[in-house]
Amino acid sequence: MRLICLLGALLAASGAAAQTAVADSDIALHAPSAAWQPYAKAQAWAAYDAVPIRELGRDWSDGYAPRNGRNVFLQRDRVEFGVEKDGWRVGAEYRLEGSLQASRDTVDLYHLYQSHKTPGKALDLTVDAQSKQWAAAGARVGRTFALPDLGAGHPLLMMSAAVYGRARNHDSSASGMVSYKPETAYRIDGTYTNSKTDYTYPFMPESAQRSSGASVSAALQWPLSSQLTANLAVNDLWSRMRWTNLPSMVQRIASDVQTVDGDGYINYKPQVVGQNRLIERTGTIGASTALNLTYRYQQWALRAGAQRIAGTTIPEAIASYASQWGTFSTSYDTRFNMVGLGYEQGPLRLRVRTDRLPLSEAHAFSLETAIYWAF
């Protein structure tokens, strides 16, 4: 059962951090201004295929509804604040991001384990799960350029770069086979890997951990006509993250639980072979992309597009109406079935989305807020 326990640690790890959306869903670029414009933004987004958000670190006894094939658990948080002037943006930000991808067999196995249930029939399950998490604070510098007018208006291009320090890491994976037969119980053959900045293993040598990171992002707003605008954003178009003296563990697990040998005696053969060590890890954050088209007619606007985050495509449509009391919007995404409501008035923007009510039952939830001042 050791692989199942370690698999549980992998699945629960993604819920230990509350995280959300990488790219601004509305890609709200605006023309450079000579005025000082302080700003602040916060985004919180989580979307789980198999269980409600609140259930990930629990026993999965309520609301278990996995997808056939690949199941994803995505969480991201981001807080950013700073100031803009003459197209320049200087700010500070904190990001906490994570993704977990697992096969249907993997989440079914973990559901059985968490529910303390005995399978009613023989099973052969393929374990395949990977989790990637990181968190860091940093500084970001960006510049918005007004490109030459091509007849429909000035396209806007924003480029920004960020540097990060004291980055945290927690990457895990589990793979292998788990078989169950009523007469022989479980047979396990698999591999588990784990790296974590605050992991401590026995007899770990004295060492100083170091980490660094950098990222470049871009966004483009292109007027195609007086009514139609194309928007593209690529967060972490280029990135590099590095950890030195990162604690890491690899375990190979082979366990015939309750087998019978040639003489008919019950034979227990648990075997765990592994290695703990300090490693140097260099990798990328992974690009996140948002693309949409916005059509405006009088006070109405319709936006259709998609985001792609951690290999998952999320199509979305947004309709909005600008009134004297502010701009009201509603949205729907077809991947996680989230319905959203939004409101904008002057410098304030607020948007909330969920796939179901009450929120305690939600498998997907998002909250975004932003405020800009000009003086």
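The structure we're discussing is the one just above.
What you are looking at is a predicted structure, and each value in this text was computed from that prediction instead of being measured. (Residues numbered from 1 in each chain as written. Predicted model: local features only at pLDDT ≥ 70, side-chain atom pairs only at ≥ 80, totals over all residues. Heavy atoms only, no water.)

**Student:** Which parts of the structure should I look at to understand the pairing of strand E13 (residues 326-333)?
**Tutor:** Regular strands place their side chains on alternate faces of the sheet. Here eight bridges tie strand E12 (residues 312-323) to E13, and the two strands are oriented antiparallel to one another. Looking at E13, one finds that Ala 319 is bridged to Thr 330. What sits between E12 and E13 in their antiparallel hairpin is a turn of two residues. Sheet topology note: the E13/strand E14 (residues 339-345) ladder contains six bridges and is antiparallel. Its bridge partner lying in E14, Ser 329 is registered against Gly 342. (Pairing = 2+ DSSP bridges. Helix = DSSP H or I, 4+ residues; strand = E, 2+ residues; numbered from the N terminus.)

**Student:** Hey, could you run me through empty space enclosed by the protein in this one?
**Tutor:** Left-over empty space is what a probe sized like a water molecule reveals as it rolls over the atoms. Going through the model one piece at a time under the given rule, you end up with five cavities of 30 Å³ or more. The computed volume of the second largest cavity comes to approximately 110 Å³. Every residue lining the second largest cavity is counted, 15 residues in all, and those nearest its centre are His 30, Pro 32, Glu 84, Gly 87 and Thr 144. Mapped onto the lining of the second largest cavity, the elements with two or more residues apiece are strand E2 (71-85) and strand E3 (88-102). Its residues placed into classes, the lining of the second largest cavity shows six nonpolar, five polar and four charged. (1 Å grid on protein atoms, 1.4 Å probe; cavity = no way out; pocket = protein on both sides within 12 Å on 5 of 7 lines; lining within 4 Å. Points joined across faces, edges and corners; volume = space filled by probe spheres on them. Nonpolar A, V, L, I, M, F, W, Y, C, P; charged D, E, K, R; others polar.)

**Student:** Can you help me understand the pattern of salt bridges in this one?
**Tutor:** When their charged atoms lie close together, side chains carrying opposite charge are able to pair. One pass over the full model with this rule turns up 24 salt bridges. The salt bridge partner of Asp 198 is Lys 196, with a shortest N-O separation of 3.9 Å. Owing to a relative accessible area of 56%, Asp 198 belongs among the exposed residues under this scheme. Overall, Lys 196 belongs to the partly exposed group, its relative accessible area being 28%. Close ionic contact of Arg 356 with Asp 355 constitutes a salt bridge, the shortest N to O distance being 3.1 Å. (Salt bridge = Lys/Arg side-chain N within 4 Å of Asp/Glu carboxyl O. Buried < 20%, exposed > 50% of the residue type's maximum accessible area, 1.4 Å probe, protein only.)

**Student:** In this structure, what is going on with helix H2 (residues 104-115)? I would like to understand it.
**Tutor:** Counting along an α-helix, one turn takes 3.6 residues, and residues three or four places apart therefore face a common direction. Its twelve residues give H2 an end-to-end C-alpha distance of 16 Å, which sits within 8% of 16 Å, the value for a rise of 1.5 Å per residue. Those residues of H2 lying buried are Thr 106, Val 107, Leu 109, Tyr 110, His 111, Leu 112 and Gln 114. In the segment just after H2, His 116 is the residue with positive phi, at about 55°. (Expected span 1.5 Å × (residues − 1).)

**Student:** Could you clarify how one ought to interpret the nonpolar core in this entry?
**Tutor:** Burial of nonpolar side chains together is a common tendency in soluble globular proteins. The biggest cluster of nonpolar side chains holds 15 residues, and the ones touching the most others in it are Leu 109, Leu 123, Val 127, Val 178, Tyr 186 and Tyr 192. Sorting the residues of this core by element identifies H2, strand E4 (123-146), strand E5 (156-181), strand E6 (185-196) and strand E8 (228-260) as the ones contributing at least two each. Core analysis: the second largest hydrophobic core is formed by twelve residues, Tyr 48, Leu 56, Trp 60 and Phe 73 among them. (Core = buried A, V, L, I, M, F, W, Y, C linked by side-chain atoms within 4.5 Å.)

**Student:** Can you walk me through the environment of Glu 183 in this structure?
**Tutor:** Position of Glu 183 relative to the elements: it lies in the loop between E5 and E6. Sequence separation of Glu 183 and Ala 122 is 61 residues, and the distance between their C-alpha atoms is 9.2 Å.

**Student:** Which parts of the structure should I look at to understand the packing of aromatic side chains?
**Tutor:** A ring pair, where both rings are aromatic, is described by two values, the distance of the centres and the angle of the planes. Following the criterion strictly, the structure yields eleven aromatic pairs and no others. Here the aromatic residues Tyr 48, Trp 60, Tyr 64, Phe 73, Tyr 110 and Tyr 113 are joined through ring pairs into a cluster of three or more. Stacked on the ring of Phe 336, the Lys or Arg Arg 335 has its end atom at 4.5 Å from the ring centre. (Phe/Tyr/Trp six-rings, centres within 6.5 Å; stacked < 30°, edge-to-face > 60°. Lys NZ or Arg CZ within 6 Å of the ring centre and 35° of its normal.)

**Student:** Looking at this model, I keep getting lost on unusual backbone geometry. Mind explaining?
**Tutor:** Where the residue is not glycine, phi is negative for most of them; where a peptide bond is considered, it is trans in most cases. The residue after Leu 357, namely Pro 358, is reached through a cis peptide bond having omega 0°. Checked against the element boundaries, Pro 358 lands in the loop between strand E15 (348-354) and strand E16 (364-372). The phi torsion at Arg 166 lies on the positive side, around 50°, for a residue other than glycine. As for its position among the elements, Arg 166 is in strand E5. Despite not being glycine, Gln 298 has its phi angle at roughly 55°, a positive value. Within the secondary structure, Gln 298 sits in the loop between strand E10 (288-297) and strand E11 (300-309).

**Student:** Can you help me understand the environment of Gln 307 in this one?
**Tutor:** Inspection of the secondary structure assignment puts Gln 307 in strand E11. Looking at Gln 307, the relative accessible area reads 10%, which means it is buried. Distance from Gln 307 to Leu 291, taken between C-alpha atoms, is 6.4 Å for residues 16 residues apart in sequence.

The analysis is restricted to geometry; functional conclusions fall outside its scope.
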